[in-house]
Structures are given as C-alpha cells and as structure tokens.
Amino acid sequence: MDSSWRFLEVRGTPITADTQATGVSIATWFLTSTFLIMYFSGQTVKYVMLRRLRLDDYLMLFATILAFGMSLAYSIAASNGLGNRITSPAEFDVIQKALYAADILYILTVCCVKLSILGFIHHISTDEKKIQLVFWLMIFIVLSAVASIFAAAFQCQTPRSWETLTLRCFNQSGFWIAFSVLDMLTDTLIIIASAVLVWNINIPTSRKAVVIGCFAPRILVVAAAACRLAYLAPISPHQNPAFRLWISVVCTEVQVCLSISTACIPSVKPLFEAIEAGVWQADDLRRRGLSLEDLHSKGYLKDTGSLMELADHSSRHGTNAFERISLNMGSTFEASELSRVGSAD
C-alpha cells in the first residue's frame, strides 16, 4: 500500500516521548468525530425548524467538508511519522505535502465558519447600521483569507512549494503570528456583534443571557488559536519540525473542532425559543415589508433602522392581522404583544 494512504491501516505504534504519531491520529479522529456530531445535530434541528437551507447553512456545510479534509491530511501526516523523532526521507516528504494541504484547508475552514455565523447574524438583524457593519466584517474576513491562502500556497520556492519544513521558505513564524492575530481579532468582533444584536432586542434579560451564552463559547476558539500560535511560532526547520509540530497540529484540530461546534450552538432549540419573541418576529416582518416603527415606539425594539409605519398596516387590515404571524423558522409565535400594539393604535 502507498505510504500516503497508510492511515487506513490499523496502527499499533506505542505512544512514547519520541513517538507521538499514534496519539496525533487518535486526537485527530476523536476531534473530527466531535465536530461532525455537533454539525449534524445542529443542522438537523435547524432544518426541522426552518424547513429550508440558507446561505449560512451552505457555508457551514462547506466548512465541515474542508475541516474533514484537513483532518484527513493530518492523519496521513501522522501515519507517515508526524510526531516521531525519527522519520525517513520519503516519510518526511509525505508529511510536508500533507501539512501544506492542511494549512490551506485550515485557513478556508475558519473563514467559512466565521462567514456562516455572520450570515446568521446578518439575517436576523433589523438595524441597518448593524447590518452594514456585519457586511463589512464579512468582506474583511474574505479579503484576509484570500491573502492568507495566497501566502500559504507560495510560502516556499517553486516548484517545490510544499517543502514547508525546510529553509527554502519565507519567515513562516511571522506569517502565522499575523494570521493568528487577525483570526483572534475577528472572532472577538463576532462575539461582540452577537452580544450587541441581542442586547437591543426588548426581551427579558434572562433570555438575552441565554442567547448571548450561545455565542459566548467562541471565546474558547480564541483561546485555542492562542495556544496553537504559542506552540507553532517557535518552531524552525533547524529543530526537527516533523517531531515538534505534533502539539500545534493537535491545537489546530482543537481550534477547528471548537469553531464548528460553537458555531452550531445557535442552532439548538433553546436559542430559537429565546429569541422567538423578539428577533425572529422583527426579521419576519421586515422581510414581509411590514413596519416596526410602532413596535419601536412601544419599546418592543430598541433600534428601528429604516422602518415603515406599522400602524398604517394595522388600520388597513384590522387588529386581527397581528393575532399570529408565521415565522421564518417554520413555527409560529403568540403575538399578544403585537395585538396589543395594534389595538392601542
């Protein structure tokens, strides 16, 4: 069997201080199984409630496929001795090729996960200013990802640009430091954006805490990215990188696993129930061309953006128009608050 595909074989190499390859393989597939379970669980719940797929769902699917490909590349590298102190020249070449592919897949994965989350936030936002801020943050993430992929693809001299563990490459530590700083910064901005979005919805504080709590675990992704950088930055081609890289590889898998898993948390039913009385109604009415101006004046929403007169719609169609509105998520909500507003006007 070709050495590139030895990850398919049953491995029995003991884990010692000088042979960590088996441990890397175990960690890789354990973390891969975890984010696959989280993805399918979250997306199943979301699809059952929404009954359709949106752009953020396709982005998350693409991110999961890319993450699986990255795990496959790391598994190939581990099966050829990544994490072992001694490797043959042929194994070393395979490790470099696998890591080269994994680096590009890693950048694409974290980019797609962030775009999926921001797409979700963009969809449920009602304030035009916040929508614009989310849009420009998405543009920034895309541009930084394109630049990072280009740098990772050509970090070494052609035609053997995959020899990333040799002296034929530019300052890789500097590149990964710059990438990781931008990565952690954008993840922090996503957490802040989600908190600001929810805080401006007039729902009980306990429900706000539930919703913010669904986005807050992304701070663990920032911590994992920092750990990855701490182990990756000091490594140089002079220090047996095929052995020393095993910790940063596991940290990368942990970061990707946490990134996908935490991105799936907002898809669980408690979150939908928590925002059911606020965000989704506003989003549904906005998409239907109805106004939320009176809701804002009554304190139902704190931000109006560019909204039309809901009272006019009420006077034309009567208060019964507010009894029950079908939500975008495929369920309905009790619109007593909406009915109260319509009746008052």
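A short tour of the structure in this document, coming up. Here the structure is a predicted model, which means the values were calculated and not measured.

## Description of helix H1 (residues 21-50)
- With 30 residues, H1 extends 43 Å from end C-alpha to end C-alpha; this agrees with the ideal 44 Å at 1.5 Å per step.
- Arg51 sits one or two residues past H1 and shows a positive phi near 65°.

## Concerning the state of the cysteines
- A complete count under the given rule lists one disulfide for this structure.
- Across a sulfur-sulfur distance of 1.8 Å, Cys156 and Cys169 are joined as a disulfide pair. Measuring handedness by torsion sign, the sulfur bridge of Cys156 and Cys169 sits at about 85° and is right-handed. Here Cys169 lies in the loop between helix H4 (128-153) and helix H5 (172-199) and Cys156 lies in the loop between H4 and H5, a separation of 13 residues in the sequence.

## Considering the layout of surface pockets
- A volume near 380 Å³ is recorded for the largest pocket.
- Along the walls of the largest pocket sit 25 residues, with Thr164, Gln172, Trp176, Leu232 and Leu245 positioned nearest its centre.
- Among the elements of the structure, helix H3 (89-124), H5, helix H7 (219-232) and helix H9 (246-264) are those that each provide at least two residues to the lining of the largest pocket.
- Here the lining of the largest pocket is built from residues that sort into 15 nonpolar, eight polar and two charged.

Conventions adopted
Residues numbered from 1 in each chain as written. Predicted model: local features only at pLDDT ≥ 70, side-chain atom pairs only at ≥ 80, totals over all residues. Heavy atoms only, no water. Helix = DSSP H or I, 4+ residues; strand = E, 2+ residues; numbered from the N terminus. Expected span 1.5 Å × (residues − 1). Disulfide = S-S within 2.5 Å. 1 Å grid on protein atoms, 1.4 Å probe; cavity = no way out; pocket = protein on both sides within 12 Å on 5 of 7 lines; lining within 4 Å. Points joined across faces, edges and corners; volume = space filled by probe spheres on them. Nonpolar A, V, L, I, M, F, W, Y, C, P; charged D, E, K, R; others polar.

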